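# Topology and contacts: notes
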Amino acid sequence: QVQLVESGGGLVQAGGSLRLSCAASGSTFSINAIGWYRQAPGKQRELVALTSSGGITVYAVAVKGRFTISRDDAKNTVFLQMNSLKPEDTAVYYCNHLRWYGTSWFPLGSWGQGTQVTVSS
């Protein structure tokens, strides 16, 4: 079973940048879709970016133009480069394998501990 571990979060001022890492184990990483989610206190977990096995990337409107998802299959790692951070980006960020059910993406695996991102004003 593939396991994912998030890292790279921290405390930054508005306008700053962070790069999150999602390290995966297993041999099927290169053919799976991977997504980054975030969850702020009192809010639902939301999908903010994904990269498919075919290299397609998709972003939530709230982060498009500021965040970039990428993958290094040789190192079994997916990254989320976050630029121009805003206080509303404050959340715990998670990564997960995704499954396409024909109309939408859904998380496939269990949730890890995530990594905290805090953006001060």
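This one's a predicted model, so the numbers in the text were calculated from it and none came from an experiment. Residue positions are given per chain, counting from 1 as you read along its sequence in written order. Only residues with pLDDT of at least 70 get local features here, since the model is predicted, and only at 80 or more are side-chain atom pairs given and counted; chain-wide, interface and lining totals rely on the full set of residues. Processing note: side-chain calculations cover all non-hydrogen atoms of the structure and skip hydrogens and water entirely.

## Points about the nonpolar core
Among the nonpolar cores identified, the biggest contains 24 residues, and Trp36, Leu80, Met82 and Tyr93 are the most heavily contacted of them. For this core, the element with the most residues is strand 3 (residues 18-24), which contributes four residues. Think of a nonpolar core as a cluster: buried Ala, Val, Leu, Ile, Met, Phe, Trp, Tyr and Cys residues, connected wherever their side-chain atoms sit within 4.5 Å. Working definition: with a 1.4 Å probe on protein chains only, accessible area under 20% of the residue-type maximum means buried, over 50% means exposed, and in between means partly exposed. Residues Leu50, Val92, Tyr94 and Leu98 belong to the second largest nonpolar core, which totals six residues. Per the convention used, a helix needs a DSSP run of H or I reaching at least four residues, while a strand needs a run of E reaching at least two, with both numbered from the N terminus.

## Things to note about the layout of surface pockets
Approximately 220 Å³ is the volume found for the largest pocket. Cavity and pocket criteria rest on a 1 Å grid covering protein atoms alone: a 1.4 Å probe that fits but cannot get out defines a cavity, protein on both sides within 12 Å along at least 5 of 7 lines defines an open pocket, and an atom within 4 Å of a point defines a lining residue. Lining the largest pocket are 13 residues, and of these Val2, Gln3, Leu4, Gly109 and Ser110 sit closest to its centre. In terms of residue count, strand 9 (residues 91-100) provides more of the lining of the largest pocket than any other element does, three residues in total. Lys, Arg, Asp and Glu make up the charged group, whereas Ala, Val, Leu, Ile, Met, Phe, Trp, Tyr, Cys and Pro make up the nonpolar group; the residues left over, Gly among them, are polar. For the lining of the largest pocket, the class distribution of residues is five nonpolar, seven polar and one charged. Grid points are joined across faces, edges and corners, and a volume is the space filled by probe spheres set on the points.

## Here we look at the environment of alanine 23
As for its position among the elements, alanine 23 is in strand 3. Distance from alanine 23 to aspartate 72, taken between C-alpha atoms, is 9.8 Å for residues 49 residues apart in sequence. Non-local contacts of alanine 23, meaning those with residues more than four positions away in its chain, are made with Gln3, Leu4, Val5, Asn76 and Thr77. Any two residues having at least one pair of non-hydrogen atoms within 4.5 Å are treated as being in contact.

## What about unusual backbone geometry?
The phi dihedral of asparagine 76 falls on the positive side, at around 50°, and the residue is not glycine. By the secondary structure assignment, asparagine 76 is in the loop between strand 7 (67-72) and strand 8 (77-82).

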